[in-house]
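# Remarks on the overall topology
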Amino acid sequence: TAVKDNKINKILKDDGVAQIDIDGFANLTNVSLDKLKDKFGKAGWAARVAHNDRFQSVLICQNPGEGNRKHYHPDSDEFWYIVEGELEWWIEGKGVHKVKAGDVVCVKAKTPHQIKCVGDKPGIRLAIVKPDVDHVYID
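Residues numbered from 1 in each chain as written. Predicted model: local features only at pLDDT ≥ 70, side-chain atom pairs only at ≥ 80, totals over all residues. Heavy atoms only, no water.

## Brief notes about the overall build of the protein chain
Scanning the protein chain from N- to C-terminus turns up 2 helices and 12 strands. The secondary structure elements of the protein chain, listed N-terminal to C-terminal, are β-α-β-α-β-β-β-β-β-β-β-β-β-β. Computed over the C-alpha atoms, the radius of gyration of the protein chain is 14 Å, within 12% of the 14 Å expected from 2.2 N^0.38 for a compact globule of 139 residues. In terms of principal-axis extent, the alpha carbons of the protein chain reach across some 40 × 35 × 25 Å. Within the protein chain, the proportion of its 139 residues that are buried is 43%. The contacts of the protein chain with a sequence gap of at least 6 include a subset with a gap of at least 24, amounting to 68%. Accessible surface, the protein chain: about 7500 Å² in total, of which carbon and sulfur atoms supply 49%. Averaging the locations of the 21 positively and 21 negatively charged side chains of the protein chain gives two centres separated by 1 Å. (Helix = DSSP H or I, 4+ residues; strand = E, 2+ residues; numbered from the N terminus. Rg over C-alpha atoms; globule rule 2.2 N^0.38 Å. Buried < 20%, exposed > 50% of the residue type's maximum accessible area, 1.4 Å probe, protein only. Contact = heavy atoms within 4.5 Å. Areas by Shrake-Rupley, 256 points an atom, 1.4 Å probe, with all protein chains shown as cover. Lys, Arg positive; Asp, Glu negative; His and termini not counted. Charge placed at Lys NZ, Arg CZ, Asp CG, Glu CD.)

Dropping the structure here:
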C-alpha cells in the first residue's frame with residue numbers, strides 16, 4: 001500500500017528527525033553549518049535553508065543507522081549534496097551506493113529510493129527538490 005505525504009515537518013518527524021526548523025533559516029543570505037550544529041547539538045535535526053516557488057533545500061543531519069523510509073516522488077527529481085559523513089542510497093534499478101562528503105546524488109522522479117546514515121559519525125546532506133513535493137511511501 002502506498003501512502004502519500006507532502007508536509008515537510010511530518011515527513012521529517014516520521015523519518016526520526018527530532019529537531020526541525022522549517023522557517024528560521026530559510027532564505028537567509030548566509031547560513032553557517034557551525035551555527036546550526038551549535039543550535040541543534042547532537043544529530044537528528046533538519047533546517048530548511050532555501051524555499052521559493054521553484055525549489056527548496058533542507059539540511060538534514062542523522063546518526064548512523066538512521067535514515068528515511070522507502071519512497072519516491074511522482075513529479076520531481078531530487079538531488080543531494082553530502083556535506084559530512086557517509087550514507088548509503090538504495091535506488092531502485094541501481095542497487096546500493098555508498099557516498100561520502102563531497103558527493104552529489106541524483107534520483108529521477110518516480111524512482112523509489114531510501115537513504116541510511118552509515119559509518120561512525122553523523123551524516124549531513126543537503127536535499128534539493130521542488131517545494132511541497134509529494135513523498136509516496138512504499139511498504
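## Side note on the side chain of R48
With respect to the element layout, R48 can be found in strand β3 (residues 45–51). Among the polar contacts listed, one links the side chain of R48 to the side chain of H51, at a separation of 3.5 Å. With residues up to four places along the chain from it excluded, the contact list for R48 reads I8, D21, I22, D23, F25, A26, Q56, S57 and V58. (Polar contact = N/O pair within 3.5 Å; in protein donor to acceptor, adjacent residues only side chain to side chain.)

## Considerations on the pattern of salt bridges
Once their charged atoms are close, side chains differing in charge can pair, the charge on each being opposite to the other. A full pass over the atoms with the stated rule returns 9 salt bridges. The shortest N-O distance in the salt bridge between D15 and R69 comes to 2.6 Å. One end of the pair, D15, is in the loop between α1 (8–14) and β2 (19–21); the other, R69, is in the loop between β4 (56–62) and β5 (71–72), and 54 residues separate them in sequence. Here D15 falls in the buried class, since its relative accessible area comes to 13%. Notably, a salt bridge pairs R48 with D23, separated by 3.6 Å at the nearest N-O pair. Of this pair, R48 sits in strand β3 while D23 sits in the loop between β2 and α2 (33–40); the two residues are 25 residues apart in sequence, bridging distant segments of the chain. (Salt bridge = Lys/Arg side-chain N within 4 Å of Asp/Glu carboxyl O.)

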